[in-house]
Amino acid sequence: MPHCLIECPAALAARVGEPLLLKAVHDAIDASGFFRPGDIKVRIAGYEHYRCGERPEDFVHVTLSVLDGRSAEQRRSLATATLQVLVELLPEVAALSMDVREMAREVFVNRAQYLQSTSA
């Protein structure tokens, strides 16, 4: 936890370099100090077919899913810090955005939780 999905054109990810894009977003989230570095999971979904407005222009949208309990201010600071890094990395991309979503602890289950609940 947390889970981070970077959505963008596949060509943009290849042009920038997937490892660099992953590291930039990971490091921005890590710098918040809200999470243990080993817990931050970042992945890229590169699209071949997309449309932004009238034509297929470059975009990056980041969705960060975190367990509930963070304040709106903390979530906003995560989004702002990540966008700052993306603006610096991709100054030519006009469509940059991020959404920090909360997942309810009561219904979230991961492998460790599942195994613990089934062995009891």
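Residues numbered from 1 in each chain as written. Predicted model: local features only at pLDDT ≥ 70, side-chain atom pairs only at ≥ 80, totals over all residues. Heavy atoms only, no water.

- As recorded in an unreviewed UniProt entry, the chain goes by 5-carboxymethyl-2-hydroxymuconate Delta-isomerase and comes from Pseudomonas ulcerans.

### Description of helix α4 (residues 111–119)
Okay, step 1: With respect to burial, α4 is a largely exposed element, only zero of its nine residues being buried.
Okay, step 2: The opening residue of α4, the one whose side-chain oxygen lies 3.2 Å from the backbone nitrogen of A112, is N110. (Buried < 20%, exposed > 50% of the residue type's maximum accessible area, 1.4 Å probe, protein only. Helix = DSSP H or I, 4+ residues; strand = E, 2+ residues; numbered from the N terminus. Polar contact = N/O pair within 3.5 Å; in protein donor to acceptor, adjacent residues only side chain to side chain.)

### Considerations on the side chain of T63
Okay, step 1: Following the sequence through the fold, T63 ends up in strand β3 (residues 59–67).
Okay, step 2: In terms of polar contacts, T63 uses its side chain to reach the side chain of H61, at 3.3 Å.
Okay, step 3: Apart from the residues lying within four places of it in its own chain, the contact partners of T63 are H3, C4, L5, E7, D99 and R101. (Contact = heavy atoms within 4.5 Å.)

### Some words on the packing of aromatic side chains
Okay, step 1: Counted according to the given criterion, the structure contains three aromatic pairs.
Okay, step 2: Taking 6.3 Å as the distance between ring centres and 90° as the angle between the ring planes, the aromatic pair formed by F34 and F35 counts as edge-to-face.
Okay, step 3: Exposure remark for F35: the relative accessible area of 11% places this residue in the buried category. (Phe/Tyr/Trp six-rings, centres within 6.5 Å; stacked < 30°, edge-to-face > 60°.)

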